[in-house]
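Analysis of the macromolecular model
Here are the chains, one letter per residue:
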Amino acid sequence: MSEENPREELYRRFRASLSQPVLERFFDEDELVELYDYAGDIDDDYVQMEVLFCGARLYPESTALAERRALLYLDTTIGDSDKPSPAAGAFLADNPDCESPLFDIVRLETTQTENIVDALDFILNQYDKFSDEEIIRFVDLASSHAPYEWLKNNLDRLREKIDYQPALLYEVIQEADLHADHETAIKLAEELIETDPFTVGYWIRLFRAQARLGKEDDAKSTFDYAKVLGSDKPDALMTLIEEVYNSAPYLYHEAFEILETLKAEFPEEFLYVDFQCALLVKAGDASKAISLLKHFLDHNPDNAAAMRQLLVCNVPDCGIYYERFLKTAEEYDFDDEIINGFINQLSLNSASYSIDAMVGATKDINEIDPDNFSAWIEALFSLQKFDRIVEVVDKYNYIDNIVRVPLKGTAFIYAYIVSMMKLGLEQKANEFIDKIRPLLEAMISDVPMPIRMAIRTLFTLVDKIRQHPSTDKLYWEYFDMLHYSKFQ
């Protein structure tokens, strides 16, 4: 393992030491710096913090570790926002004499600079060499605050500042990609491949740029190399397939076959089926994608991710799968809050079959969210289940809670009244109208225009009821202002 990845072995050794007495942790300064940078690469905040604590005890005067403290403060954001914490600026203010490329980078990130290009030029002139971490941070600084052309035009100067060229080139490739400069991305990816022809990530970058530039023949050849190099690396293959999905439809079949191989190796992993379905839908074969989803759920009935996808598809028999999902899933993430949000999403997508399946399977209707109950009524209405609507409304006595919900309430009232008329329940409909009309008349002058328009629609419906009794079967068979059933 150490010959293949010494950084990972160092990381594992340090991670194991954290469960031992603190006085038994011995790592030299360079090891701690390497550990901090590697932990950052794999997004392990815990190890990064522990490295700095260990460094403060063993090497309190270390400049390199002080730089990492500044970087940690810089990367700390406030709450859920991207706004940086003021901690980095406070740390620099308390350490004004610290000088290095990283300290200067943090200073530029935390202060307002009128001419960022001049500041970047100053740093380039100030230092002869950059470490890998310094060049990565410097490119990130330039890409965030300076024109892309500055970075491109100064690439040769940056090359002179670093010994390990891939650390620089890979960062610049990413910026070239963001700015759709695919020619530059191809050139740099080819250079990286010459340096290390067995790194699959370089081939994927080359493929991405070639595909996006429309170089179909080159992209096919690169795809074949990347596929072979990544044959034992599922994550790399998935990245490659994602690029096919985005930019190379002529390779959909090959990508699908790779996913078949991965499915055979990991039959319970939904990710591979999900990607296959995405490829099929984009290729115009949604029916086969749905068949794949159902086949996966037949063998993995408690998979929440697959269940979500099938519900989004709004197939008529999704209720069978959802009820089975509820029975077989002992631990799943479909709690009340997620169910409410998901039904709202389905409602916006008019997924009537799926809403009926989800809400209809709820045991205690009286405790569901009012929006969900209204969404269920709308779903039943679009499915022309008028008798079910009347049955549900009468059984659960949810009217008083729902009618005051903006827009949802008026949609519920409309569906309930029309359903009763279609079933010939004219007297029941008129009794409901007599009950609800005073509330609507009181609301109409004090609500926003969308709700006012919805109420006005209800008043139009009431006028139609007065003109056409329920015995006018022909009229009520076809009257539907929203065209839910007339043309279905």
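To keep things clear, this report deals only with the structure shown in the data block. (Residues numbered from 1 in each chain as written. Predicted model: local features only at pLDDT ≥ 70, side-chain atom pairs only at ≥ 80, totals over all residues. Heavy atoms only, no water.)

1. Quick word on helix α18 (residues 286-299)
- Along its 14 residues, α18 runs 20 Å from first to last C-alpha, staying within 8% of the 20 Å computed at 1.5 Å per residue.
- Buried within α18 are the following residues: A289, I290, L292, L293, K294, F296 and L297. (Helix = DSSP H or I, 4+ residues; strand = E, 2+ residues; numbered from the N terminus. Expected span 1.5 Å × (residues − 1). Buried < 20%, exposed > 50% of the residue type's maximum accessible area, 1.4 Å probe, protein only.)

2. Regarding the packing of helix α27 (residues 426-443) against helix α28 (residues 449-467)
- One way to put it is that α27 packs onto α28 with a least axis distance of 11 Å and a crossing angle of 145 degrees. The element α27 and its partner α28 pack so that their crossing is left-handed. Contacts between α27 and α28 pair E426, N430, I433, D434, R437, L440, E441 and M443 from the former with I455, L458, F459, V462, I465 and R466 from the latter.
- Among the residues forming the contact of α27 with α28, the class breakdown is eight nonpolar, one polar and five charged. (Axes fitted to C-alpha atoms, helices over the stretch in contact; angles between N-to-C directions. Left-handed = near helix turned anticlockwise from the far one by under 90°. Contact = heavy atoms within 4.5 Å. Nonpolar A, V, L, I, M, F, W, Y, C, P; charged D, E, K, R; others polar.)

3. Re a negative patch on the surface
- A surface patch of negative charge is lined by E190, E194, D217 and D218.
- Of all the secondary structure elements, the ones that give two or more residues to the negative patch are α12 (182-195) and α14 (216-229).
- Within the secondary structure layout, E194 lies in helix α12. (Patch = residues over 30% accessible without salt bridge, like charges linked within 9 Å, V, L, I, M, F, W, Y side chains within 5 Å. Areas by Shrake-Rupley, 256 points an atom, 1.4 Å probe, with all protein chains shown as cover. Salt bridge = Lys/Arg side-chain N within 4 Å of Asp/Glu carboxyl O. Lys, Arg positive; Asp, Glu negative; His and termini not counted. Charge placed at Lys NZ, Arg CZ, Asp CG, Glu CD.)

4. Regarding the environment of L124
- Here L124 is to be found in helix α7 (residues 116-126).
- Exposure remark for L124: the relative accessible area of 0% places this residue in the buried category.
- Taking the C-alpha atoms as reference, L124 lies 8.2 Å from K161; in sequence the two are 37 residues apart.
- Ignoring anything within four residues of it in the chain, the contact list for L124 reads F130, F138, W150, N154, R157, L158 and K161.

5. Regarding the state of the cysteines
- The tally for this structure, following the rule as stated, stands at zero disulfides.
- For C277, which is in no disulfide, the shortest distance to another cysteine sulfur is to C313 and amounts to 7.3 Å.
- Its sulfur unpaired, C318 is 9.5 Å from the next cysteine sulfur, which belongs to C313.
- Look at C318 and you get buried, because its relative accessible area is 0%. (Disulfide = S-S within 2.5 Å.)

6. A short note on the packing of helix α5 (residues 87-94) against helix α6 (residues 101-110)
- At a closest axis distance of 10 Å, the pairing of α5 and α6 adopts a crossing angle of 125 degrees. By the angle class used here, α5 and α6 are oblique. Taken as a pair, α5 and α6 cross one another with a handedness that is left-handed. In this structure, α5 uses A88, G89, F91 and L92 to contact α6, whose residues at the interface are F103, V106, R107 and T110.
- When its residues are assigned to classes, the contact of α5 with α6 shows five nonpolar, two polar and one charged. (Parallel < 35°, antiparallel > 145°, perpendicular 65-115°, else oblique.)

7. Here we look at the packing of aromatic side chains
- If you walk through the whole model with that rule in mind, you get 17 aromatic pairs.
- When the centroid spacing of 5.6 Å and the interplanar angle of 50 degrees are considered together, the rings of F130 and F138 count as tilted.
- The exposure class assigned to F130 is buried, which follows from its relative accessible area of 5%.
- Taken together, the ring pairs in this structure connect F373, W376, F412, Y416 and F432 into an aromatic cluster.
- Over the ring of Y245 we find K282; its NZ or CZ atom is 4.1 Å from the centre of that ring.
- The ring of F459 has R437 lying over it, and the distance from NZ or CZ to the ring centre is 4.8 Å. (Phe/Tyr/Trp six-rings, centres within 6.5 Å; stacked < 30°, edge-to-face > 60°. Lys NZ or Arg CZ within 6 Å of the ring centre and 35° of its normal.)

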